[in-house]
Amino acid sequence: MATDLSVILPRVLIVSRRTLRKNKFVDFVGEYHLDLIVGYGAVPVIVPRVTGVHRLLESFEPIHGVLLCEGEDIDPSLYEAEHSGLSPEEFEEIRRLHASDTAIDKEKDSIELGLAKLCLERNIPYLGICRGSQVLNVACGGTLYQDIGKELPKKRPECERVVHIDYENYDGHRHVVKVVTNTPLHHWFQESLDEKIMEILVNSYHHQGVKILAQRFVPMAFAPDGLIEGFYDPDAYNPEEGKFIMGLQFHPERMRRPDSDEFDYPGCPSAYQEFAKAVIAYQKKLNCSTALPPKPLKLDQEMENRRKIIVRSFSIAKDIYTTGRGMNPSKESELEAGAEFLESNTVLSLQQENRLKQMGATVRNGSSYFQRLKMNEERDRAAKTLMRKMSVEQLSELMSFYHMMGQICSEVLDKKLHGIVNDVGSC
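Residues numbered from 1 in each chain as written. Predicted model: local features only at pLDDT ≥ 70, side-chain atom pairs only at ≥ 80, totals over all residues. Heavy atoms only, no water.

An unreviewed UniProt entry lists the protein chain under the name Glutamine amidotransferase GAT1_2.1, with Vitis vinifera as the source organism.

Next up, the structure:
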């Protein structure tokens, strides 16, 4: 039997980055990200940075989580960048110093902002690393420094300036960040933190960063120059319940000892671990909410025969009242099935019960109902006389009553039979 893997394996979407190799564009994603996602029980689904993909995001459903990581600068027109105060000469210098990052990729921007907004709308778990954290902030109305090397030093003394990118030491570069207490980052790195200074060394590789943090977010770490190095939404953070919205400007996945896969701190992989936990929980919630309706109940032959007998019994009872004819003794045994079913049924509204009583048949006393059906000829004539005195409205109500009885019988029988099937299935 074929298995729908989307029901079993949670899917994390990761957008690729484009680079030029042998005069051809190649899409790639860093393996550190992929290894961690797979290692914690989810499946990475790579969304290619290809023209038009931003219009096809629904094709990647179901989406249980989104991880956005490296990439070029975000198009400054997508946030309030005109207030940077940088001169044309400074912009030219920035483009020269960071040539590999300043080339705007509008297609990647469209894809990633579309996914970020989708996560925010549906509460899909989202982890943003480096550029991914910037995408998250912009998607929520925040802004960015177009170049922290040019903008932040103007506001900080020399002793607080930080090198956030080192092209000569990509993986080995570290700088200090101060962790905010009582945040997820604090809990993850708690055993490695000196509670007096609350600092760790992180790897980073970026020349832009959060300028104005969107209102929904709370900072988790700061660099000495004041740059926010991590943030999260406290109202959307509960991995056990499938909630996780977070951005980290630094790279915990690359914080490893030289020539080793051993992490600098035990807390380094925690962001991926908790993110994957949220992804798995979100998938479970999604599967429950989108579960297919139960298939129509198929009765075995014995149950189908029983259903027909009960329906036949009520049909005979209805015919006796509506036609006014006496009861055929040969039909008496067929009426017993309906009487027994009615006697056992208590799933009727008060209004329905009162209407049953008005016709001389109580829900809790099927024998009384049965005795009424066995009225003699004299009482039969009396009933006809009584009905002739009834108005059209009353007779119409009487007819609708028995129509309702048939519906009630069908509905209650279906519920009872479903209950039998569920009980059998749970054994």
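Once the structure has been displayed, the description carries forward.
A. Structural context of the overall build of the protein chain. Counting its secondary structure elements, the protein chain contains 14 helices and 13 strands. Relative to all contacts within the protein chain whose residues are 6 or more apart in sequence, the contacts with residues 24 or more apart total 72%. Of the roughly 22900 Å² of accessible surface on the protein chain, a fraction of 52% belongs to carbon and sulfur atoms. (Helix = DSSP H or I, 4+ residues; strand = E, 2+ residues; numbered from the N terminus. Contact = heavy atoms within 4.5 Å. Areas by Shrake-Rupley, 256 points an atom, 1.4 Å probe, with all protein chains shown as cover.)

B. Summary view of helix α8 (residues 270-289). Between its first and last C-alpha, α8 extends 28 Å over 20 residues, near the 28 Å set by a 1.5 Å rise per residue. Along α8, the positions that sit buried rather than exposed are S270, A271, Y272, E274, F275, A276, A278, V279, A281, Y282 and Q283. (Expected span 1.5 Å × (residues − 1). Buried < 20%, exposed > 50% of the residue type's maximum accessible area, 1.4 Å probe, protein only.)

C. View of a nonpolar patch on the surface. On the surface, I8, L9 and V43 cluster together into a nonpolar patch covering about 220 Å² of accessible area. Among the secondary structure elements, I8 is positioned in helix α1 (residues 5-8). (Patch = residues over 30% accessible without salt bridge, like charges linked within 9 Å, V, L, I, M, F, W, Y side chains within 5 Å. Salt bridge = Lys/Arg side-chain N within 4 Å of Asp/Glu carboxyl O.)

D. Local environment of the pairing of strand β13 (residues 243-248). Burial of β13 is extensive: 5 of the 6 residues sit out of reach of the surface. Pairing between strand β6 (residues 126-129) and β13: 4 bridges, direction parallel. Its bridge partner being in β13, Y126 is matched across the sheet by I245. Pairing between strand β12 (residues 228-238) and β13: 5 bridges, direction antiparallel. (Pairing = 2+ DSSP bridges.)

E. Representation of the environment of V179. Its location among the elements puts V179 in strand β8 (residues 175-179). Apart from the residues within four sequence positions on either side, V179 is in contact with L185, H186, L193, M198, I200, M220 and A221.

F. Main features of the pattern of salt bridges. The final tally for this structure, using the stated rule, is 16 salt bridges. In this structure, the salt-bridge partner of K106 is D75, at a minimum N-O distance of 3.9 Å. Residue K106 is found in helix α4 (residues 106-122), and its partner D75 is found in the loop between β5 (65-68) and α3 (88-97); the two are separated by 31 residues along the sequence. Using a relative accessible area of 12% as the deciding quantity, one classes D75 as buried. Put simply, K108, D109, E112 and R131 are held in one network by salt bridges that share partners.

G. Representation of the packing of α4 against helix α5 (residues 131-139). Axis separation between α4 and α5 bottoms out at 9 Å; the angle between their running directions is 65 degrees. Remark: the crossing between α4 and α5 carries right-handed chirality. Residue-level inspection shows K108, D109, E112, L113, A116, K117 and L120 of α4 in contact with α5, the latter providing R131, V135, L136, V138 and A139. By residue class, the composition of the contact of α4 with α5 is 7 nonpolar, no polar and 5 charged. (Axes fitted to C-alpha atoms, helices over the stretch in contact; angles between N-to-C directions. Left-handed = near helix turned anticlockwise from the far one by under 90°. Nonpolar A, V, L, I, M, F, W, Y, C, P; charged D, E, K, R; others polar.)

H. Region of the structure containing the pairing of strand β9 (residues 199-202). Burial along β9 is one-sided: the face carrying I200 and V202 is buried and the face carrying E199 and L201 is not. Sheet topology note: the β8/β9 ladder contains 4 bridges and is antiparallel. When the sheet's bridge partners are listed, V177 is paired in β9 with I200.

I. Region of interest: the environment of L118. Tracing the sequence through the fold places L118 in helix α4. When the C-alpha positions of L118 and V66 are compared, they lie 9.6 Å apart, and in sequence the two are 52 residues distant.

J. Molecular detail of the environment of C140. Structurally, the position occupied by C140 is in the loop between α5 and β7 (143-145). You can call C140 partly exposed: its relative accessible area is 24%. Sequence spacing of C140 and R216 is 76 residues, and the spatial spacing of their C-alpha atoms is 7.9 Å. Non-local contacts of C140, meaning those with residues more than four positions away in its chain, are made with L120, A214, R216 and F217.

K. Seen up close, unusual backbone geometry. Here E61 and P62 are connected by a cis peptide whose omega angle stands at -5 degrees. Tracing the backbone through its elements, the reader meets P62 in the loop between β4 (43-47) and β5. Residue C130 is not a glycine yet carries a positive backbone phi of 60 degrees. Relative to the helices and strands, C130 is located in the loop between β6 and α5.

L. Expanded view of the nonpolar core. If you look at the biggest cluster of nonpolar residues, it comprises 37 residues, and the most contacted ones within it are L67 and L185. Here the element with the most residues in this core is α8; it accounts for 5 residues. Residues within four places of L185 in sequence aside, it is in contact with V179, M220, A221, L248 and F250. (Core = buried A, V, L, I, M, F, W, Y, C linked by side-chain atoms within 4.5 Å.)

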